[in-house]
Amino acid sequence: MDRQLERLLASAGRLGGAAAKPILEVNPRHDLVARLARLGAGDAALREDAARLLLDEARVADGEAPSDPRAFAARLGRVLARALG
């Protein structure tokens, strides 16, 4: 069942406990995932921030909000500061 339809049915009280947990599929050949895998040990903080941002991006694309909006904003700020020098 589509996630949007599940949310609509749940808000109307018509889901009846049939909601499935979402499945995150990671494409290891995606450019961002491949670059993330190539980061060295000295970039552990950046690797963690970027991985969590990718997960939050998947949630947003699925119509959800990040699980922790403040942490999301902080991670995004750190990654942007690093990217912009």
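Keep in mind the model is a prediction, meaning the values are calculated, not measured.

Engineer: Help me understand the overall build of the protein chain, please; the structure alone is not making it clear to me.
Structural biologist: Along the backbone of the protein chain there are 4 helices and 0 strands. When its helices and strands are written in sequence order, the protein chain yields α-α-α-α. Here the protein chain has a C-alpha radius of gyration of 16 Å; the compact-globule value for 85 residues is 12 Å, and the former is much larger. Taken along the three principal axes of its C-alpha coordinates, the protein chain extends 50 × 30 × 15 Å. The buried share of the protein chain, taken over its 85 residues, is 12%. For the protein chain, long-range pairs separated by at least 24 residues make up 32% of all intrachain contacts whose partners lie at least 6 apart in sequence.

Engineer: Please clarify how the side chain of Asp56 should be interpreted in this entry.
Structural biologist: Mapped onto the fold, Asp56 is located in helix α3 (residues 44-61). Classification of Asp56 by relative accessible area gives buried; the value is 2%. Not counting residues within four places of it along the chain, the set of residues in contact with Asp56 comprises Pro66, Ser67, Phe72 and Arg75.

Engineer: For this particular structure, what's the right way to read the environment of Arg75?
Structural biologist: What makes Arg75 buried here is its relative accessible area of 10%. Residues Arg75 and Glu48, 27 residues apart in the sequence, show an inter-C-alpha distance of 9.2 Å. What Arg75 contacts, discounting residues up to four positions off in sequence, is Asp49, Arg52, Leu53 and Asp56.

Calculation criteria
Residues numbered from 1 in each chain as written. Predicted model: local features only at pLDDT ≥ 70, side-chain atom pairs only at ≥ 80, totals over all residues. Heavy atoms only, no water. Helix = DSSP H or I, 4+ residues; strand = E, 2+ residues; numbered from the N terminus. Rg over C-alpha atoms; globule rule 2.2 N^0.38 Å. Buried < 20%, exposed > 50% of the residue type's maximum accessible area, 1.4 Å probe, protein only. Contact = heavy atoms within 4.5 Å.

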